Amino acid sequence: MIKTDILIIGAGPTGLFTVFEAGLLKLKTHLIDALPQPGGQCSEIYPKKPIYDIPAYPEILAGDLVDRLMEQIKPFEPGFTLGERAETLEKQEDGSFVVTTNKGTKHHAPVVVIAGGLGSFEPRKPLIPNIANYEEKGVSYIIKDPEVYRNKKVVISGGGDSALDWAIYLTNVASEVALVHRRNEFRGALDSVEKASELAKLGKIQLYTEAEVKEVHGENELQAVVIKHNDETKGQTYVETDHFIPLFGLSPKLGPIGGWGLEIEKNAIKVNNAKDYQTNIPGVFAIGDVNTYPGKLKLILSGFHEAAVMCQFAYQIINPDKRFVMKYTTVGGVEGFDGTKKEAKKEVVQSIV
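Residues numbered from 1 in each chain as written. Predicted model: local features only at pLDDT ≥ 70, side-chain atom pairs only at ≥ 80, totals over all residues. Heavy atoms only, no water.

(A) Structural view of the overall build of the protein. For the protein, the helix and strand inventory stands at 7 helices and 25 strands. Once the C-alpha set of the protein is aligned to its principal axes, its extents read approximately 85 × 60 × 35 Å. With 353 residues in all, the protein has 45% of them scored as buried. Counting only contacts in the protein whose residues sit at least 6 apart along the sequence, the fraction spanning at least 24 positions is 58%. (Helix = DSSP H or I, 4+ residues; strand = E, 2+ residues; numbered from the N terminus. Buried < 20%, exposed > 50% of the residue type's maximum accessible area, 1.4 Å probe, protein only. Contact = heavy atoms within 4.5 Å.)

Now the structure itself:
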């Protein structure tokens, strides 16, 4: 059985940053994630997508953010159980918990932190006959490596940020980019809408609004899509393409966690945001996109803040007889479990006699 101070379910950015905040308090951590590598959606879904709202980084690729977090937490030597899903939660007589994965790996900790992002998720797929026959043969629901589309013809469907951002990005990669949306209005950021519109005027994006992809064709692999226009006088448009990428978002599911007796609201875990982000089960916390409370913002930086606050209260559960006095890292430095220490150089002050 794996024993630790804080067991973190979810190894996305919020879960990884929790390791750092716990390490500052001399608390050991272990992470469980169903994915085969740390990073959550940032690694699995959009590692090459830029993020613009991380403090001190005007722009950073999602995959690079994960790399920086892994570097930051390395001195605290976290443990990982990857490629396994947290299946059951059992409370012990002493108030601690045993979490068992779908592969039977048991973990024991006095504090459990759910940082599972959206939980388990699957892409929302369009209702197109025989589209499943072309999955991984030209049809994809997630862009992991943009280089796959180098000098290829690409059709993207969707009206949100993801569809807009990737359509814009791929104009510098693909030979042709088409963007299809069933409405005239897009739901994405205004800057992205304006940029996509400008690229369409320049002929770098073929824009089809008030239209939907209704058919996919090809022998062994995708070769074309059929776009049906809402205006019946325009009929249909046959577009040759190498790739069709419907980006209609993800359908989040809590999975087995939903059966742990937690208070759930709209597929998210309710927490006490006025104090510590604890759930209705004492000793079990939820931070990041997986939780909900009045005024919740689903941002990575919000998850970072929740992780810092949560760890202070987790310390009190783990060490009820000790009082922790928080020191700024600029004062106390960062001392890793591996023996390393980072601290500001001390100024030498000589007295004047």
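(B) Summary view of unusual backbone geometry. For Glu-210, which is not glycine, the phi torsion reads 50 degrees and is therefore positive. Note on placement: Glu-210 falls in the loop between β14 (206–209) and β15 (211–217). Not every positive phi belongs to a glycine, and Asn-267 is a case in point at roughly 65 degrees. Relative to the assigned elements, Asn-267 resides in the loop between β20 (264–265) and β21 (268–270).

(C) Region of the structure containing the side chain of Thr-4. Along the polypeptide, Thr-4 turns up in the loop between β1 (2–3) and β2 (6–9). By relative accessible area, which is 11% here, Thr-4 ends up buried. Within the structure, Thr-4 has its side chain in polar contact with the backbone nitrogen of Thr-29 (distance 3.4 Å). What Thr-4 contacts, discounting residues up to four positions off in sequence, is Lys-28, Thr-29, His-30, His-108, Ala-109 and Pro-110. (Polar contact = N/O pair within 3.5 Å; in protein donor to acceptor, adjacent residues only side chain to side chain.)

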